[in-house]
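Listed below are the residues making up each chain.
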Amino acid sequence: MGQGTNSTAKKRDGFSSSFGVLAATLGSAVGLGNIWKFPSLTGAHGGAGFLLVYLLSTLLIGLPVMIAEITLGRKAKANPITALQTLAPSALPWWLIGASGVAAAFLILSFYSEVVAWVFAYVAKALGGSILSSSPEVTQSAFSALISDPLQSLLWQWGVLAFIGGILLCGVTKGIEAITKKLMPLLFLLLLLLGAVSLSLEGARAGLAFLFSPQFDKISASVVLTAMGLAFFKLSIGMGTMMTYGSYFRDDQNIPATAFRVMSADLCVSLLAGIAIFPAVFTFGFEPSSGPSLVFITIPAVFSQIPLGHGLMVVFFVLTAIAATGAMLSLMEVPVVILHERFGLARGKATLLTLMLLIVAGSGAALSHSTLAEFTVWNMSLFDLADYLSSNVLLPAGGIFIALFVGWSWGLDRFRQAVSNQGRLSNAALANVIFFLLRYVSPLLILIVMLRGLGLI
Ligand code: PHE
């Protein structure tokens, strides 16, 4: 164990260009969260009001924590556990943040990989035209047939895991960076195309009103927690993903500027996804349902009524698959690099072991719509439970400790040095503001929102 920091003899893999850093980091942030969670949560919880809470959470909490994670990762050039062990000035067990990150990665992957499995299955179905029907009953039964078939669910999930594992086997530069550099621009192009088509439909106004008209009375404590949890999930923070990617950052990369770009581009993708989805949904008089049924039941029925809808439906599922790929890569990279650096497994073996563990961990969520459909905890299926616990408990809790570590243990001097690339960037004032947020504002806000949202105070 523990060969992470003394492996300097062999050069550590990392992102090779500035664009590569941006593409991979954005690839992690952009994911199913943008397409499956953000638009429907925004619509359901008060439109612009929810958006405002989300933006505040992102600016006051998300962005500082993201910058903190990337900075720590780059400084230590190691996986989250080793990074916190080497950077911690005191003997406190800060490395536990890294360990809980691995747990969060497995929890998220267990349900995420299942939704991604449906997306890949739907790319095939859309290509074959088998889900082309304007009747929601037909698209509903096609979806039910897929998710209630345990074998199909498992096989698609394993296929997706193997695909992502295959990219990870190629390494950080040749795998993660190379693929996200190609996929991210394509994702924007496809999304712009769909957004333009959707806005040209007659329901555009009603769709935009659903998404953006402010309803502040819908904002309760649990809605604020949802918005904050979404900010964590969206930015891939609170579990060591960004710390891991930070460890691949180049030394001359401007961290705050990159984080800001990633946050803004991620927001654009989320808004564009909403613009691509809701005008079309309203044009054909569908209910703006939320969660998986929006993507897998409503969308096929909607596209079936648009001219060139078959092609556009393929575009929609391909772009969703692209978004999911970048996010899955970053989720799986966390356990892979920890097995590699902490337990001395070769990268290939670490990837295979992660795959096998995920096949076991993911089977609960994969079967939660079939064999385990009756099995609930706190009134939630295993799938919903993993989703709820990760976004609303584990990631925010991880965020509190990362903020506390930088704000109270690592300290302002080290933080300023690292964020300014050892004085080469003159961003001391900005670093001071971020540090202040990390030391006082973010941990307190997260704690209050969590306790209120969970109904504990
Ligand atoms: N940010 C990804 C999304 O929006 C999900 C994710 C969460 C990825 C946490 C990595 C870590 O879908």
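Our subject in this report is the structure included herewith. (Residues numbered from 1 in each chain as written. Predicted model: local features only at pLDDT ≥ 70, side-chain atom pairs only at ≥ 80, totals over all residues. Heavy atoms only, no water.)

Following the criterion strictly, the structure yields 25 aromatic pairs and no others. Each ring, one from phenylalanine 210 and one from phenylalanine 282, has its centre 5.4 Å from the other, and the planes form 45°; the classification is tilted. Note that phenylalanine 210 is positioned in helix H9 (residues 204–212) and phenylalanine 282 in helix H12 (residues 255–283), a separation of 72 residues in sequence. With a relative accessible area of 26%, phenylalanine 282 lands in the partly exposed category. On the basis of an interplanar angle of 20° and a centroid distance of 6.2 Å, the ring pair of phenylalanine 296 and phenylalanine 317 is categorised as stacked. With a gap of 21 residues between them, phenylalanine 296 in helix H13 (residues 292–303) and phenylalanine 317 in helix H14 (residues 309–342) connect regions that are remote in the sequence. The buried category is assigned to phenylalanine 296, whose relative accessible area is 1%. Accessibility expressed as a relative area gives 0% for phenylalanine 317, which makes it buried. Put simply, the rings of Trp36, Phe111, Trp118, Tyr122, Phe143, Phe296, Phe303, Phe316, Phe317 and Phe383 pair up and form one aromatic cluster. Its guanidinium or amino end placed over the ring of phenylalanine 233, lysine 37 lies 4.3 Å from that ring's centre, counting from NZ or CZ. (Phe/Tyr/Trp six-rings, centres within 6.5 Å; stacked < 30°, edge-to-face > 60°. Helix = DSSP H or I, 4+ residues; strand = E, 2+ residues; numbered from the N terminus. Buried < 20%, exposed > 50% of the residue type's maximum accessible area, 1.4 Å probe, protein only. Lys NZ or Arg CZ within 6 Å of the ring centre and 35° of its normal.)

Below, the discussion takes up the site of the ligand. Around the ligand sit 16 residues in total, of which Ala29, Gly33, Tyr112, Phe233 and Lys234 are the nearest. The backbone of alanine 29 places a nitrogen or oxygen atom 3.0 Å from a nitrogen atom of the ligand. In this structure, lysine 234 approaches the ligand through a side-chain N or O atom, which is 2.4 Å from an oxygen atom. When the ligand is considered free in solution it has 320 Å² of accessible area, and contact with the protein chains removes 100% of it. Looking at the shell around the ligand, the elements with two or more residues in it are helix H1 (18–29), helix H2 (32–44), helix H5 (96–128), helix H10 (221–235) and H14. (Near = heavy atom within 4 Å. Polar contact = N/O pair within 3.5 Å; in protein donor to acceptor, adjacent residues only side chain to side chain. Areas by Shrake-Rupley, 256 points an atom, 1.4 Å probe, with all protein chains shown as cover.)

So, about helix H6 (residues 136–147). With 12 residues, H6 should reach 16 Å at 1.5 Å per residue; the first-to-last C-alpha distance of 16 Å fits that figure. Buried-residue contacts for H6 involve H5, helix H7 (150–169) and H13. (Expected span 1.5 Å × (residues − 1). Contact = heavy atoms within 4.5 Å.)

This brings us to a nonpolar patch on the surface. A surface patch of nonpolar side chains, about 620 Å² in accessible area, is lined by Leu52, Leu56, Leu59, Leu60, Phe216, Phe260 and Leu445. When residues in the nonpolar patch are grouped by element, the largest group, four residues, is from helix H3 (residues 48–76). By secondary structure assignment, the location of phenylalanine 216 is in the loop between H9 and H10. Take phenylalanine 216: its relative accessible area is 51%, and that puts it in the exposed class. (Patch = residues over 30% accessible without salt bridge, like charges linked within 9 Å, V, L, I, M, F, W, Y side chains within 5 Å. Salt bridge = Lys/Arg side-chain N within 4 Å of Asp/Glu carboxyl O.)

Further remarks concern helix H8 (residues 172–199). Count 3.6 residues to each turn of an α-helix, and residues three or four apart come out pointing the same way. Its 28 residues give H8 an end-to-end C-alpha distance of 38 Å, which sits within 8% of 40 Å, the value for a rise of 1.5 Å per residue. At lysine 181, H8 is bent by approximately 25°, the largest bend along its length, and proline proline 185 sits one to four residues beyond. (Bend = angle between axes of the 7 residues up to and from the residue.)

The next point concerns the packing of H2 against H12. Contact geometry of H2 with H12 gives a least axis separation of 9 Å together with a crossing angle of 70°. Taken together, the axes of H2 and H12 lie roughly perpendicular to each other. Of the two elements, H2 crosses H12, and the hand of that crossing is right-handed. In this structure, H2 contributes Asn34, Ile35, Phe38, Pro39 and Ser40 to the contact, and H12 contributes Asp266, Leu267, Val269, Ser270, Leu271, Ala273, Gly274, Ile277 and Phe278. (Axes fitted to C-alpha atoms, helices over the stretch in contact; angles between N-to-C directions. Parallel < 35°, antiparallel > 145°, perpendicular 65-115°, else oblique. Left-handed = near helix turned anticlockwise from the far one by under 90°.)

Below, the discussion takes up the nonpolar core. Ranked by internal contacts, the top residues of the largest apolar core, which has 144 residues, are Phe317 and Phe415. Ranked by residues supplied to this core, first place goes to H14 with 21 residues. Not counting residues within four places of it along the chain, the set of residues in contact with phenylalanine 317 comprises Val119, Tyr122, Val123, Ala126, Ile131, Val295, Phe296, Ile299 and Pro300. Counting 11 residues, the second largest nonpolar core, distinct from the first, contains Leu51, Val223, Ala231 and Leu267. (Core = buried A, V, L, I, M, F, W, Y, C linked by side-chain atoms within 4.5 Å.)

Turning our attention to the pattern of salt bridges. In the structure shown here, the tally under the stated rule is seven salt bridges. Notably, a salt bridge pairs glutamate 177 with lysine 181, separated by 3.4 Å at the nearest N-O pair. One end of the pair, glutamate 177, and the other, lysine 181, are both in helix H8, four residues apart, so they sit about a helical turn from each other. A relative accessible area of 1% means that glutamate 177 is categorised as buried. Lysine 181 sits in the partly exposed class, given a relative accessible area of 29%. Residue arginine 250 is joined to aspartate 252 by a salt bridge in which the shortest nitrogen-to-oxygen separation is 2.9 Å. On the accessibility criterion, arginine 250 (28% relative accessible area) is partly exposed. Here aspartate 252 falls in the partly exposed class, since its relative accessible area comes to 49%.

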